[in-house]
Amino acid sequence: MSAHLTRHRIKFSELALGQRFYDPISAEYFVKQSDTMAAMVTGIGDGTIPDEFEADDIVGVDQ
């Protein structure tokens, strides 16, 4: 029996600090660090370099 994740669309502003999310533009996962910044944690990202997001940017949360 395998679990199947679904991705829900949500605004960046609705994420909790520290929450992991998927950015469809870069096709990578990030962790929210502040109201406007998040750090990439997959691909070339090691979670140390912040990237800017707008409050109304649509991102994905796996559940």
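Shown above is the structure to which this text applies.
These figures come from a predicted structure and were not determined experimentally. (Residues numbered from 1 in each chain as written. Predicted model: local features only at pLDDT ≥ 70, side-chain atom pairs only at ≥ 80, totals over all residues. Heavy atoms only, no water.)

### Here we look at the overall build of the protein
Move 1: When its secondary structure is counted, the protein shows 0 helices and 6 strands.
Move 2: Along its sequence from the N terminus, the protein presents helices and strands in the succession β-β-β-β-β-β.
Move 3: Computed over the C-alpha atoms, the radius of gyration of the protein is 12 Å, within 12% of the 11 Å expected from 2.2 N^0.38 for a compact globule of 63 residues.
Move 4: Each principal axis of the C-alpha atoms in the protein carries an extent, and together these give about 40 × 25 × 20 Å.
Move 5: Relative to its full complement of 63 residues, the protein shows a buried share of 29%.
Move 6: Within the protein, residue pairs in contact and separated by at least 24 positions form 39% of the contacts whose partners lie at least 6 positions apart.
Move 7: Looking at the protein as shown, the accessible area adds up to about 4,400 Å², and 54% of this sits on carbon and sulfur atoms.
Move 8: Across the protein, 5 positive and 11 negative side-chain charges occur, with their mean positions spaced 8 Å apart. (Helix = DSSP H or I, 4+ residues; strand = E, 2+ residues; numbered from the N terminus. Rg over C-alpha atoms; globule rule 2.2 N^0.38 Å. Buried < 20%, exposed > 50% of the residue type's maximum accessible area, 1.4 Å probe, protein only. Contact = heavy atoms within 4.5 Å. Areas by Shrake-Rupley, 256 points an atom, 1.4 Å probe, with all protein chains shown as cover. Lys, Arg positive; Asp, Glu negative; His and termini not counted. Charge placed at Lys NZ, Arg CZ, Asp CG, Glu CD.)

### Things to note about the side chain of Asp23
Move 1: With respect to the helices and strands, the residue Asp23 is situated in strand 2 (residues 20–23).
Move 2: One buried charged side chain, Asp23, makes no salt bridge at all; its nearest oppositely charged neighbour is Arg7, positioned 10 Å away.
Move 3: If we ignore the near neighbours within four places in the chain, the residues touching Asp23 are Glu28, Phe30 and Phe53. (Salt bridge = Lys/Arg side-chain N within 4 Å of Asp/Glu carboxyl O.)

### Focus: the environment of Thr6
Move 1: Mapped onto the secondary structure, Thr6 falls in the segment before strand 1 (7–11).
Move 2: C-alpha separation for the pair Thr6 and Gln63, spaced 57 residues apart in sequence, amounts to 5.4 Å.
Move 3: Excluding anything up to four places from it in sequence, Thr6 contacts Val61, Asp62 and Gln63.
Move 4: Among the polar contacts made by the side chain of Thr6, one reaches the side chain of His8 at a distance of 3.3 Å. (Polar contact = N/O pair within 3.5 Å; in protein donor to acceptor, adjacent residues only side chain to side chain.)

### Describing the environment of Ile58
Move 1: Turning to its location among the elements, Ile58 is positioned in strand 6 (residues 58–62).
Move 2: Put simply, Ile58 and Arg7 are 51 residues apart on the chain and 12 Å apart in space, counted from C-alpha to C-alpha.
Move 3: Ignoring anything within four residues of it in the chain, the contact list for Ile58 reads Arg9, Ile10, Lys11 and Pro24.

### Digging into the packing of aromatic side chains
Move 1: Summed over the entire model, instances satisfying the criterion amount to 6 aromatic pairs.
Move 2: When the ring of Phe12 is compared with that of Phe21, the centres are 5.6 Å apart and the planes differ by 75 degrees; the resulting orientation is edge-to-face.
Move 3: For Phe21, a relative accessible area of 1% puts it in the buried group.
Move 4: On the numbers, 5.1 Å between centres and 80 degrees between planes, the contact of Phe30 with Phe53 is edge-to-face. (Phe/Tyr/Trp six-rings, centres within 6.5 Å; stacked < 30°, edge-to-face > 60°.)

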